[in-house]
Amino acid sequence: MKLSSILAAALMTASATTSGAGLAPFQYSVGQRPMTAPLQEISVDFHTEVETGDVVSAWLAVDRGDGQLDLACLPESVDVSNYVGSKATQGTVIFNFTKQNLPLGQTYVFGIDAGSIRAKNDPSLTNDELRVSFEVPADLGPAHFDLTGHDLEHDPKIAEAERIWCYWGIETEPVGEPEFILYRESQEIGRYPAHVGWDWDLGQAYVDFGEEMKFDRGVGYSLVLPAGSVHGMWRDDLLNPEARLDFTGDYDPSEEPLQYTCTVEVKGPGLLHMVRFHFTSCPWPIPAQGAKAQLYHLDSGTVVAEADLVLNTSVNHIEIDADFGGFPLPEGHSSIVIPDGALLIMTEDGTRPCRGISYSMDGAGVSGIVDDDAESGVLYDLRGIRVDRPRSGEIYIRDGKKTVWR
């Protein structure tokens, strides 16, 4: 076998195809995806045992377009490996090159001239001219951003996120200590470390805000990983262009569930009196004008009583009360309901209605509560806080049981 450096005249007008009906490969090691590693070898696989012909002519050229090919380099040597198994036979021809980084941003054609490879069991069966094209990309290409549960490509809206990922189809490593930059209406508001890694055939980087970052509804944001922050695993000159996610915020605090505890005052034989909602986190709500709490009977699906919602300013925390005036609790299961819009959230622009509340009377321990005015034992409220001065009609916990203080 002789490795020829003589190129056929057709090199100048070649097409990236297999011609004729000769010995044909089923797979090349190049062409399925961009080449992002140094050139070292190109292999060609056949469904039969193979060997090289008397003269082997192979080459690598740059595709200039319009059928114009310029010689790039020639292989230094050729190896053959055959495998015969019970279910399959495979012959592989490996063309070895001097290890090198091919110039970026080019399309290449690898060619094997006719007659260079033949079937081992039938030397008369040889290859026709073989050609395969592949690309060495100019950069890592555009990043694909991802946030679980969001279609950022078709509906780029984000209410809140702790992490946002971006991906490339090439394994990646960081350049130095890269950072994501977060912009709000084109103004920089923060920089965060870019965590860069890889998986098979996949490069990735993500930003970790450390907690759920909230993005205000209707406001424009941009998350940017600057160009040159990441490079290909096998080539440090294969860099990312700017990776940019432009999106609109979709967080509205009025849609956040209100954080609260609730105490229910029940006297006598199941008579509902005062219901107190203690709000424990910002933003603080206030009752809307004319707003009412409802006693909702779950078994019948009806509202059986209503009471005005009143802001209690006599306590040192936000409390909204509803006095049901001793309404008899119906048999079965009930809830105290504050409808949507009955509470308002204070904002810089005024007020906004917020989501409603449904508090189960079963959870309040209405069933099985006993009246108690004993002075012994330690009392705790329903949040587990010790109470030294209990109030009449309130529900407390003593010795693991709920009790109404009289």
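So, here is what we can say about the structure in this document. Remember, it's a predicted structure, so these values are computed and weren't measured experimentally.

The next thing to look at is unusual backbone geometry. Across the chain, the bulk of peptide bonds are trans and the bulk of non-glycine residues have phi less than zero. Unlike most non-glycine residues, D66 shows phi in positive territory, near 55°. Mapped onto the fold, D66 is located in the loop between β5 (55-65) and β6 (68-73). Given the relative accessible area of 88%, D66 is considered exposed.

We now examine the packing of aromatic side chains. Two aromatic rings, taken as a pair, are described by how far apart their centres are and by the angle between their planes. Taken as a whole, this structure holds 15 aromatic pairs when the rule is applied. Between the aromatic rings of W198 and W200, the centroid separation amounts to 5.6 Å while the plane-to-plane angle is 75°, which identifies the pairing as edge-to-face. Among the residues examined, W198 registers a relative accessible area of 39% and is labelled partly exposed. Look at W200 and you get exposed, because its relative accessible area is 70%. A ring pair is formed by F215 and F247, whose centres lie 5.1 Å apart and whose planes are at 90°; its orientation type is edge-to-face. With F215 in the loop between β19 (202-214) and β20 (220-225) and F247 in strand β22 (residues 243-249), this pair connects stretches of sequence that are 32 residues apart. The same class applies to F215 as to F247, namely buried.

Soluble globular proteins tend to pack their nonpolar side chains together in the buried interior. Counting residues in hydrophobic clusters, the biggest one holds 29 residues, and the most contacted among them are L272, F277, L309, F324, I336 and L343. Listed by contribution, the elements that provide at least two residues to this core are β23 (260-267), β24 (271-279), β26 (292-297), β27 (302-312), β28 (318-328), β29 (334-338), β30 (343-347) and β32 (357-360). Examining the composition of this core, we find that four residues originate from one element, β24, more than from any other. When sequence neighbours within four positions are dropped, the list of residues in contact with I336 reads L272, V275, F277, Q294, L295, F324, I357, S358, Y359 and M361.

Let us look at the sheet that holds strand β14 (residues 157-158). Read across the open sheet, the eight strands follow the order β13-β15-β19-β18-β17-β20-β22-β14; overall the sheet is mixed. Lying at the two open borders of the sheet, with one neighbouring strand each, are β13 (144-146) and β14. Note that strand β15 (residues 160-168) and β19 share eight bridges and pair antiparallel. In the strand pairing of β19, W168 is matched with G203.

Strand order in this open sheet of four strands is β2-β3-β8-β7, and the pairing throughout is antiparallel. The sheet is open, and its two edges are formed by β2 (27-28) and β7 (77-84), each paired on a single side. In this sheet, strand β8 (residues 89-100) lies alongside β7 in antiparallel orientation, the contact comprising eight bridges. Across the sheet, the residue bridging to N82 is G91, located in β8.

Calculation criteria
- Residues numbered from 1 in each chain as written.
- Predicted model: local features only at pLDDT ≥ 70, side-chain atom pairs only at ≥ 80, totals over all residues.
- Heavy atoms only, no water.
- Helix = DSSP H or I, 4+ residues; strand = E, 2+ residues; numbered from the N terminus.
- Buried < 20%, exposed > 50% of the residue type's maximum accessible area, 1.4 Å probe, protein only.
- Phe/Tyr/Trp six-rings, centres within 6.5 Å; stacked < 30°, edge-to-face > 60°.
- Core = buried A, V, L, I, M, F, W, Y, C linked by side-chain atoms within 4.5 Å.
- Contact = heavy atoms within 4.5 Å.
- Pairing = 2+ DSSP bridges.

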